[in-house]
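A closer look at the structure
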Amino acid sequence: MKKLIAVCALLLSQPAMAEKVTLMLDWFVNPDHGPLIVAQQKGLFEAQGLEVEITEPADPSMPPKLVAAGRFDLAVTYQPQLIRDVVEGLPLTRISTLIATPLNTLMVLDGKGYNSVADLKGKKIGFPFDGGLVDATVGTMLRNNGLTIDDVEMVNVGWSLSASLASGKVDAIYGAYRNFEMHQLSMEGFKGKAFYIEEEGVPPYDELVVVANSNKLDRDMIARFNRAVELATQYTVNHPQEAWELFKSYDDGNKLDTELNRNAWKDTMVRFALRPQAADLARYDNYAKFLHDQKVISKLPKAADYIVQ
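Now for a look at the structure at hand. (Residues numbered from 1 in each chain as written. Predicted model: local features only at pLDDT ≥ 70, side-chain atom pairs only at ≥ 80, totals over all residues. Heavy atoms only, no water.)

Thoughts on the overall build of the protein
Short version of the rule: Secondary structure elements are defined from DSSP: runs of H or I of at least 4 residues count as helices, runs of E of at least 2 residues count as strands, and each element is numbered from the N terminus. Values of the radius of gyration come from C-alpha atoms, whereas the globule rule sets the reference at 2.2 Å times the count of residues to the power 0.38. Exposure categories follow from relative accessible area, calculated using a 1.4 Å probe and restricted to protein chains: below 20% of the type maximum is buried, above 50% is exposed, and the middle band is partly exposed. Between two residues, a contact is recorded if the distance between any of their heavy atoms is within 4.5 Å.
When its secondary structure is counted, the protein shows twelve helices and ten strands. Its C-alpha radius of gyration of 22 Å places the protein within 12% of the 19 Å reference for a compact globule of 309 residues. Dimensions along the principal axes, computed over C-alpha positions, put the protein at roughly 90 × 45 × 30 Å. Taken over 309 residues, the protein has a buried fraction of 49%. For the protein, the proportion of contacts with a sequence separation of at least 24, taken over those separated by at least 6, is 80%.

Digging into the packing of aromatic side chains
For clarity, the threshold we go by: Each pair of aromatic rings taken from Phe, Tyr and Trp, with Trp reduced to its six-membered ring, is defined by centres within 6.5 Å and is described as stacked if the planes are under 30 degrees apart, edge-to-face if over 60, and tilted in the remaining cases. For a ring to carry a charge above it, either NZ of a lysine or CZ of an arginine must fall within 6 Å of the ring centroid while also lying within 35 degrees of the normal to the ring plane.
Across all of its chains, the model carries ten aromatic pairs by this definition. Taking the centre distance of 5.3 Å and the plane angle of 15° together, the rings of F45 and F225 count as stacked. Residue F45 is found in helix α3 (residues 44-47), and its partner F225 is found in helix α9 (residues 219-238); the two are separated by 180 residues along the sequence. A network of ring pairs unites the aromatic residues W244, F247, W265 and F272 as a single cluster. One residue, K42, lies across the ring of Y235, its end atom 4.1 Å from the ring centre.

Focus on helix α11 (residues 259-268)
Going by this rule: Directions pointing from the helix axis toward each C-beta atom define the arc.
Buried residues of α11: L260, N261, A264, W265 and T268, and no others. Projected down its long axis, α11 shows its buried positions confined to an angular sector of 135°, all on one face. Looking at the buried positions of α11, the neighbouring elements they touch are α2 (34-41), β4 (92-99), α8 (181-187), α9 and α10 (240-248).

Comments concerning the layout of surface pockets
Applied cut-off: With a 1 Å grid laid over protein atoms only, a set of points is called a cavity when a 1.4 Å probe fits there but cannot get out and a pocket when it is open yet has protein on both sides within 12 Å along at least five of seven lines; lining residues have an atom within 4 Å of a point. Grid points are joined across faces, edges and corners, and a volume is the space filled by probe spheres set on the points. Residues are sorted three ways: Asp, Glu, Lys and Arg are charged, Ala, Val, Leu, Ile, Met, Phe, Trp, Tyr, Cys and Pro are nonpolar, and all the rest, Gly among them, are polar.
The space that makes up the largest pocket amounts to roughly 970 Å³. Along the walls of the largest pocket sit 35 residues, with W27, Y78, F129, W159 and Y177 positioned nearest its centre. Contributions of two or more residues to the lining of the largest pocket are made by α4 (63-68), β3 (74-77), α5 (79-87), α6 (131-143), α7 (161-167), β8 (172-177), α8 and α11. A per-class count over the lining of the largest pocket returns 18 nonpolar, ten polar and seven charged.

A look at the pattern of salt bridges
Definition in use: A carboxyl oxygen of Asp or Glu within 4 Å of a side-chain nitrogen of Lys or Arg is what we treat as a salt bridge.
Inspection of every chain in the model, using the stated rule, returns ten salt bridges. Here D206 ties to R283 by a salt bridge, and the two come within 2.6 Å at their closest N and O atoms. Placement of D206 in the loop between β9 (192-196) and β10 (208-213) and of R283 in helix α12 (residues 281-293) is noted, with a sequence separation of 77 residues between them. We classify D206 as buried; its relative accessible area is 5%. Taking the relative accessible area as the measure of exposure, R283 reaches 22% and is therefore partly exposed. Residues joined by salt bridges that share partners form a network here, namely E245, K248, D257 and R262.

Considering the packing of α2 against α9
As a reminder of what qualifies: Fitted lines through C-alpha atoms give the axes, limited to the stretch in contact for helices. The angle between two N-to-C directions lies from 0 to 180 degrees. An angle below 35 degrees is treated as roughly parallel, one above 145 as roughly antiparallel, one from 65 to 115 as roughly perpendicular, and anything else as oblique.
Remark: α2 packs on α9, axes separated minimally by 8 Å, with the N-to-C direction vectors making an angle of 100°. Here α2 lies roughly perpendicular to α9, going by the angle between them. Contacts between α2 and α9 pair P35, L36, V38 and A39 from the former with F225, A228, V229, A232, T233, Y235 and T236 from the latter. Grouping the constituent residues of the contact of α2 with α9 by class yields nine nonpolar, two polar and no charged.

A closer look at unusual backbone geometry
Although it is not a glycine, K295 sits at a positive phi angle of roughly 65°. Following the sequence through the fold, K295 ends up in the segment after α12. In this structure K295 comes out as exposed when scored by relative accessible area, which is 73%.

Side note on the pairing of β10
What counts, and what does not: Note on pairing: two strands pair once DSSP finds at least 2 bridges between them.
Most of β10 is tucked away: six of the six residues are buried. Alternating positions in β10 separate into two faces, L208, V210 and A212 on one and V209, V211 and N213 on the other, with burial throughout. In this sheet, β10 lies alongside β3 in antiparallel orientation, the contact comprising four bridges. Bridge pairing in β10 places A75 opposite V211. As judged from the six bridges shared by β4 and β10, these two strands associate in the antiparallel manner.

In structure tokens:
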């Protein structure tokens, strides 16, 4: 009996095995992922009994698809993309938010006479991706200023946004992030000017969200994951420099410690969701209605059906 008690005591004294969780980002590691990286580097996931494996995608379009296929537990994606994926039948559920505001802008070079979106009549606008969502967003911004999409020339420039604007290949760019491209232009000797989509008729939305497979939700794991991310966000906002040191330490090769990332870090902190698990269902429904009205999606989903709170 004494031997059995001793064995039980030994087992109880051993730390519980951490639950393994696979997470694929939407892009290479950058300041937008700050809370995730800080949670990892500060041991906050570990403190919640989680062993989170963070992976960068080879193809940015794949993370939510891989979660839907059951090959990853979690993925970072975008609210507009999530809504379209849900309408297309992918079993995805939003579990938390990283960036709680849009980051996309319509950007021009300062000093070129563009005082409003209306001044882009007859000009070229560069964009990097999916024309359907771009046309819906840019078209709305133009209509908000008395123009239509036919009043401009849309040019697919791939991901060479800053370079295309700086070189004069286009007069404006859509898809430029307010926390990155503005600094990138400045580093190249140019001053950018942004027209913010949520101020030009487009409903606000969450830029970056985390999704899980809706067919096999682990609510206990999700709660612990969100708690770690919330603590990491609080720490980042309260201790920005210390959090930056943690963030850049994620890469031993110092690839994250760049001038662009340092500048972006400061601008991104105010965009982090302080309550990652919380979601405004009416706000999600309103943006979905916008996509439906613009014929980006064929039917109108209900936020309550694809959001965990």
